[in-house]
Amino acid sequence: MIKIDSNKLPRHIAIIMDGNGRWAQKHTIGRIRGHRKGAQAVRTVVRACREIGVKYLTLFAFSIENWERPEKEVQALMLLLEEYLIKEIDELQEQGIRLTTIGDIDRLHPQVREKLLQVKESTLKNDKMILNLALSYGGKDEIIRAVKKIIEENKNGKIDINEINKETFSNYLYTCGIPDPDLLIRTSGEYRISNFMLWQTAYTELYFTEVLWPDFTRDDLFKAIASYQKRERRFGLTSEQLKEKSFPN
Ligand code: IPE
Ligand code: IPE
Ligand code: MG
């Protein structure tokens, strides 16, 4: 059993769920079955986070770059997402979980987008946890989109150039209203960010594991949280200064 301190939980955990393809290869089955198995790991992690009291969980489910994958794989991922939403809606409601998304969801297949909007709408009032899915998401694209919006609003006289700072800029990102991740987990032994939450992870604690996403368990999640809890988040300050000041977590 891995011990975690419930008084020092990351408020927001983000996960780059990687390794479905390699998991499938290891089991000599098709990539799509790897994704299917990956969806089960999603269930496990959502449940565990809700149970221990994590407030925000962001899952990188599909990147802007992933659109370039073979058509059949993209199709299968869309279907899996739809299936996930249909299957999970009851549990999300029971558990008081609100579903939100970040990314260009207008690019999703209409049927999936429809379902997504439906689930987002019907879980709008749930306040126990936010499950935030990154879909058709790219960090650089998100920043460019924000810049364009700001220019537009500046033209219309809605925002003055002097009002642009880190806080106001954040409001133009998909993640508006969501605190930055405290902990970012990436599975499958890849040590990169792959265009995920570039702005938001400026001071996030990073945790990398060799475990392939379909094999990721509750215990793996708790291991990552335990590692996070051992760290000192200095935000550029010295340890001495931190002792005088108190930061969230
Ligand atoms: C992550 O698994 C799921 C998505 C990117 C949609 P991959 O499909 O990237 O798995 P690997 O990296 O090929 O093993
Ligand atoms: C990142 O995984 C995207 C998701 C987990 C959805 P990728 O498998 O697409 O990343 P790269 O290509 O290895 O960097
Ligand atoms: Mg991958």
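As a reminder, the structure under discussion sits directly above these lines.
On a predicted model such as this, the values are computed, not experimentally measured, just so you know. (Residues numbered from 1 in each chain as written. Chains lettered and ligands numbered in written order. Predicted model: local features only at pLDDT ≥ 70, side-chain atom pairs only at ≥ 80, totals over all residues. Heavy atoms only, no water.)

Trainee: Describe unusual backbone geometry, with residues and values.
Mentor: The backbone phi angle of Ser136 is positive, close to 50°, even though this residue is not glycine. You can see Ser136 is positioned in strand E4 (residues 129-137). Positive phi values are uncommon outside glycine, yet Asn195 reaches one of about 65°. Looking at the element boundaries, Asn195 is found in the loop between strand E5 (183-186) and strand E6 (205-208). Of the residues examined, Asn195 reaches a relative accessible area of 15% and is grouped as buried. (Helix = DSSP H or I, 4+ residues; strand = E, 2+ residues; numbered from the N terminus. Buried < 20%, exposed > 50% of the residue type's maximum accessible area, 1.4 Å probe, protein only.)

Trainee: An account of the environment of Ala226 is needed here, citing residue identities and associated values.
Mentor: Take Ala226: it is sitting in helix H7 (residues 218-229). When the C-alpha positions of Ala226 and Asn20 are compared, they lie 25 Å apart, and in sequence the two are 206 residues distant. Excluding residues that lie within four positions of it along the chain, Ala226 makes contacts with Ile2, Lys3 and Ile4. (Contact = heavy atoms within 4.5 Å.)

Trainee: If you had to explain the pairing of strand E3 (residues 97-102) to someone new, which residues and values would you point to?
Mentor: Counting buried positions along E3 gives five out of six residues, so the element sits mostly inside the fold. Here E3 runs beside E4; their pairing, made up of six bridges, is parallel. Paired with Ile102 across the bridge in E4 is Ala134. In this view, the connection linking E3 to its parallel neighbour E4 by way of helix H4 (residues 110-122) has left-handed handedness. (Pairing = 2+ DSSP bridges. Right-handed = clockwise from strand over helix to strand, strands pointing away.)

Trainee: How would you sum up the nonpolar core? Please name residues and give values.
Mentor: Formed by 44 residues in total, the largest nonpolar core has its most connected members in Ile13, Leu57, Leu131 and Leu221. Looking at this core, the element that brings in the most residues is helix H3 (residues 71-94), giving eight residues. Setting aside chain neighbours within four positions, we find Leu131 in contact with Val46, Leu57, Leu59, Tyr84, Leu92, Ile97, Arg98, Leu99 and Thr100. Counting nine residues, the second-largest nonpolar core is a separate cluster that includes Ile102, Ala134, Leu184 and Met197. (Core = buried A, V, L, I, M, F, W, Y, C linked by side-chain atoms within 4.5 Å.)

Trainee: Help me get a handle on empty space enclosed by the protein, residues and values and all.
Mentor: If you walk through the whole model with that rule in mind, you get one cavity of 30 Å³ or more. For the largest cavity, the calculated volume is near 60 Å³. Lining of the largest cavity is provided by Arg43, Val46, Arg47, Tyr84, Glu88, Glu91, Leu92, Gln95 and Ile97. Where the lining of the largest cavity is concerned, the elements lending two or more residues are helix H2 (31-52) and H3. No other element matches the four residues that H3 contributes to the lining of the largest cavity. Here the residues of the lining of the largest cavity sort into four nonpolar, one polar and four charged. (1 Å grid on protein atoms, 1.4 Å probe; cavity = no way out; pocket = protein on both sides within 12 Å on 5 of 7 lines; lining within 4 Å. Points joined across faces, edges and corners; volume = space filled by probe spheres on them. Nonpolar A, V, L, I, M, F, W, Y, C, P; charged D, E, K, R; others polar.)

Trainee: Can you lay out the side chain of Thr201 for me, pointing to particular residues and giving the numbers?
Mentor: Checked against the element boundaries, Thr201 lands in the loop between E5 and E6. Reaching out from Thr201, the side chain makes a polar contact with the backbone oxygen of Met197 at a distance of 2.8 Å. Ignoring sequence-local partners within four residues, the contact set of Thr201 consists of Pro181, Leu184 and Phe196. (Polar contact = N/O pair within 3.5 Å; in protein donor to acceptor, adjacent residues only side chain to side chain.)

Trainee: Let's hear about the site of ligand 1: which residues, and what values?
Mentor: Around ligand 1 sit Met17, Asp18, Gly19, Asn20, Gly21, Arg22, Arg31, His35, Ala61, Asn66, Arg69 and Leu77, and that is every residue in its neighbourhood. At 3.4 Å from an oxygen atom of ligand 1 is found a main-chain nitrogen or oxygen belonging to Gly19. One of the backbone N or O atoms of Arg22 is found 2.7 Å from an oxygen atom in ligand 1. Protein contacts shield 86% of the accessible area of ligand 1, which totals 380 Å² for the unbound molecule. Elements with a contribution of two residues or more to the shell around ligand 1: helix H1 (20-26) and H2. Per-element tally for the shell around ligand 1: the top contributor is H1, with three residues. By residue class, the composition of the shell around ligand 1 is three nonpolar, five polar and four charged. (Near = heavy atom within 4 Å. Areas by Shrake-Rupley, 256 points an atom, 1.4 Å probe, with all protein chains shown as cover.)

Trainee: How would you sum up H7? Please name residues and give values.
Mentor: With 12 residues, H7 extends 16 Å from end C-alpha to end C-alpha; this agrees with the ideal 16 Å at 1.5 Å per step. Of all 12 residues in H7, nine are buried, a share of seventy percent or more. Considered for burial, the residues of H7 that qualify are Asp220, Leu221, Phe222, Ala224, Ile225, Ala226, Ser227, Tyr228 and Gln229. Residues of H7 that are buried in the fold lie against strand E1 (12-16), H2, E5 and E6. (Expected span 1.5 Å × (residues − 1).)

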